[in-house]
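Take a look at the letters that make up each chain.
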Amino acid sequence: MPPAIVGDEGPLAGQRFPVSDKPVTFGRRGDNSVVITSDRASRFHAEVRREAEGYVLHDRGSRNGTLVNGTRVTSHLLQPGDTITIGGETFRFEAFDDSETIMDASLLQTFVGSLPSVEPGQVLRVTISGGGPVGLGLALLLEHLMGPRVSITMYDGRWTQDGSRIVWKNAAQGNNRRQQVVTVQSRQYLNLPEEVQARLFTEGSYTEMWPAGPDSIRGYSPRNIRIAYIEDTLLEMANEKSDRIRLVPANFDPVNDHEAVAQDHVLAICEGGRSRTREHFSDKFGKADKSIYSLDGHHVQDVVLGLRVKSGLSDPMIVLLTVAQNRFLLNALRGEGFLNMRLTDEEAREVVGIDPIRHVFEECIASSPCLMGRNDDGDFHCATHMTLFLPALIRGSALWKRAKEGLRLFGIPEDDVSAVTAFRLDMVQRPRFTAQLHSPTSATPGTYGFLLGDAANAIHFWPGRGLNSGLASAISLARSLNRNWRGRAFRDADFVRHEAAMSMLQYRHKSRAWNAMVTTDEHGVTQAIKDKIVQGIEEGGAVSDRDADVDALMERLRQIRTRLEPRIPGMPDDAALVRHLGDLKPETVRTLLVSGAWDTLIVGGEEVDIDIFDRPIGSDGPQTERPVVPRRPDTPVRRAGAVSLGPAEATSPE
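Here we summarise the structure given alongside this text. (Residues numbered from 1 in each chain as written. Predicted model: local features only at pLDDT ≥ 70, side-chain atom pairs only at ≥ 80, totals over all residues. Heavy atoms only, no water.)

**Quick word on the packing of helix H18 (residues 546-564) against helix H20 (residues 586-595)**
So, point 1. Packing of H18 against H20 brings their axes to within 9 Å, and their N-to-C directions diverge by 40°. Relative to H20, H18 is oriented oblique. Here the hand of the crossing between H18 and H20 comes out left-handed. In contact with Arg546, Asp549, Val550, Ala552, Leu553 and Arg556 of H18, H20 contributes Pro586, Val589, Arg590, Leu592 and Leu593.
So, point 2. Partitioned by chemical class, the residues of the contact of H18 with H20 number seven nonpolar, no polar and four charged. (Axes fitted to C-alpha atoms, helices over the stretch in contact; angles between N-to-C directions. Helix = DSSP H or I, 4+ residues; strand = E, 2+ residues; numbered from the N terminus. Parallel < 35°, antiparallel > 145°, perpendicular 65-115°, else oblique. Left-handed = near helix turned anticlockwise from the far one by under 90°. Contact = heavy atoms within 4.5 Å. Nonpolar A, V, L, I, M, F, W, Y, C, P; charged D, E, K, R; others polar.)

What follows is the structure, encoded as structure tokens:
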């Protein structure tokens with residue numbers, strides 16, 4: 001592939017402009033090779049010419065200047081990976097290989113065998129602990145941005161060797177794959193390498209069920225996709241890049257692997273919310289604070305029961321029913337997904353398994369958490385701990401009766417529940433996300449550690465920001481490492497922008513999550529939503545007027561539907577909604593009503609844009625927002641609907 005100028009940020013993102021003997025010109029004038037519409041660009045702003053020493057960028061006396069890697073230049077010999085900023089838009093210079101010599105084609109063949117490799121001291125050595133979507137995303141981003149300037153080693157105990165490839169362990173090997181459907185925002189997936197986007201978003205692998213919102217950029221909607229599919233695809237791509245990404249099918253051990261990490265420049269901790277590596281380095285990252293997410297001195301925690309289901313309802317009906325209450329959430333891919341049920345503290349104590357042989361209770365489903373699949377007898381069975389899901393076995397289980405009410409709400413026959421799981425959700429405030437783990441010595445380069453994904457910011461699932469926050473943190477770190485690596489020891493100052501981005505992510509996403517865990521009553525008193533559910537259960541069995549509750553719930557559904565109808569065709573009418581609610585018990589209707597609708601107005605608003613940390617500092621003129629352009633005409637549309645419950649806000653779950 002010939003060298004090219006590639007749009008990185010702005011309306012031309014993703015477009016390639018091959019560089020050959022003919023100059024590539026930039027400017028506002030329509031006869032330029034690259035037409036930039038920003039009024040900060042001059043009519044004939046800059047050009048890239050092939051010269052004796054290589055491809056050279058020349059500024060042509062532009063009013064606002066041309067930046068390369070954030071520095072204003074008049075001329076610059078381009079190297080693969082250089083970023084060019086003109087008029088607020090960013091481009092990247094790419095060659096088919098970072099060792100490509102920019103010579104006459106006849107000389108290239110002569111010299112290609114003797115091209116110098118990157119010096120060992122100039123290769124950034126990175127260890128990544130945790131091979132989920134965030135860790136794999138970071139590895140692929142670094143490989144894409146830095147090429148032979150980086151060497152990556154990844155650890156994950158959920159992997160195993162299969163011939164020459166590393167693959168995910170299966171259930172029989174002790175790894176229950178995550179079949180949940182997640183909603184990935186375009187602000188994140190459009191910042192992944194084009195190769196990753198092309199492999200992830202193939203025909204039939206995703207849908208666009210939820211609306212465009214503050215985290216939607218360049219006219220692209222959020223995309224629903226199964227998390228196991230993301231993991232499979234990214235791991236397959238990492239296998240294909242074995243020259244720069246080494247995959248180790250074992251858990252990272254911060255004690256036993258101490259010497260190896262001390263020889264590396266970076267340790268990225270992507271192990272999840274219960275990270276042992278993070279706790280090992282707790283004196284470096286600081287102690288987490290629970291108090292900010294507490295009520296009356298008690299740390300607020302939600303427990304969620306997840307039912308793997310297939311619903312026959314249309315996406316518009318699913319969206320409407322989901323956002324109208326806070327007890328159940330269904331996020332699906334063509335009807336298949338997980339129905340998540342927020343539990344009361346009493347219900348959470350029922351989430352146990354039982355060993356039918358030893359007659360011993362196990363908390364594997366709640367503590368591990370394990371996925372219990374349905375066996376031939378119709379029971380939910382944990383293949384790892386050989387337990388059965390106890391509530392489904394007990395005829396009088398209040399939890400299972402209420403779970404079946406959730407199935408009725410979404411039109412799901414009980415036989416269409418194929419598995420159950422559970423997980424606990426809480427949050428803490430972390431003081432920092434970047435720390436120097438080992439100082440440089442005469443024998444070691446100095447190692448910086450970074451918390452990413454749930455190891456940094458475990459986010460409550462109800463507003464659906466966990467994976468998006470994790471990908472944003474990986475994108476931010478990859479850019480910081482690429483921008484600041486100069487073959488020398490890192491400094492704290494190299495990661496000021498990344499640390500700021502992480503702090504913004506923590507503040508924004510956890511404030512959203514907190515507002516999904518608590519509510520305020522008519523007296524202004526804050527209380528946990530799970531306690532409102534307790535109130536609904538108690539009132540539904542005692543003083544509730546079912547007809548009045550149905551009327552009140554219908555009025556809420558009508559108000560939401562009125563705001564949705566302009567954007568979602570096929571919304572259900574009153575008769576369909578009344579029929580749908582008709583089979584629900586009074587307790588259930590009361591609980592749905594009391595739990596309240598999604599408060600998307602409070603959690604809506606401006607989102608974290610990590611791209612602001614990659615804009616040049618000190619450039620002439622004000623920094624402006626990147627323009628949002630319409631969806632490309634050739635982009636397939638699979639959109640089933642959109643939801644907007646208040647001005648300037650829209651949200652989607654994970």
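**Thoughts on the nonpolar core**
So, point 1. In terms of nonpolar packing, the biggest core is built from 74 residues, with Leu124, Ile128, Leu138, Ile152 and Met154 touching the most fellow members.
So, point 2. Not counting residues up to four positions away in its chain, the partners in contact with leucine 124 are Met146, Arg149, Val150, Ser151, His265, Val266, Leu481, Trp485 and Phe490.
So, point 3. Judged by nonpolar contacts, the second largest core, of 61 residues, contains Met209, Phe328, Leu553 and Ile568. (Core = buried A, V, L, I, M, F, W, Y, C linked by side-chain atoms within 4.5 Å. Buried < 20%, exposed > 50% of the residue type's maximum accessible area, 1.4 Å probe, protein only.)

**Quick look at unusual backbone geometry**
So, point 1. In this structure, arginine 334 takes a positive phi of about 55° despite not being glycine.
So, point 2. The residue arginine 334 is located in the loop between strand S24 (328-333) and strand S25 (336-343) in this model.
So, point 3. Phi angles above zero are rare outside glycine, and histidine 359 is one such case at about 55°.
So, point 4. Within the secondary structure, histidine 359 is located in the loop between strand S26 (353-355) and strand S27 (360-362).

**Observations concerning the pattern of salt bridges**
So, point 1. Scanning the model with the defined rule gives 35 salt bridges in all.
So, point 2. One salt bridge in this structure joins aspartate 264 and arginine 125, with 3.7 Å as the shortest N-O distance. Here arginine 125 lies in strand S12 (residues 124-129) and aspartate 264 lies in the loop between helix H6 (258-262) and strand S20 (266-269), a separation of 139 residues in the sequence.
So, point 3. Residue classification places arginine 125 among the partly exposed residues on the basis of a relative accessible area of 27%.
So, point 4. Between aspartate 355 and arginine 358 there is a salt bridge, with the nearest N and O atoms lying 2.9 Å from each other.
So, point 5. Accessibility expressed as a relative area gives 7% for aspartate 355, which makes it buried. (Salt bridge = Lys/Arg side-chain N within 4 Å of Asp/Glu carboxyl O.)

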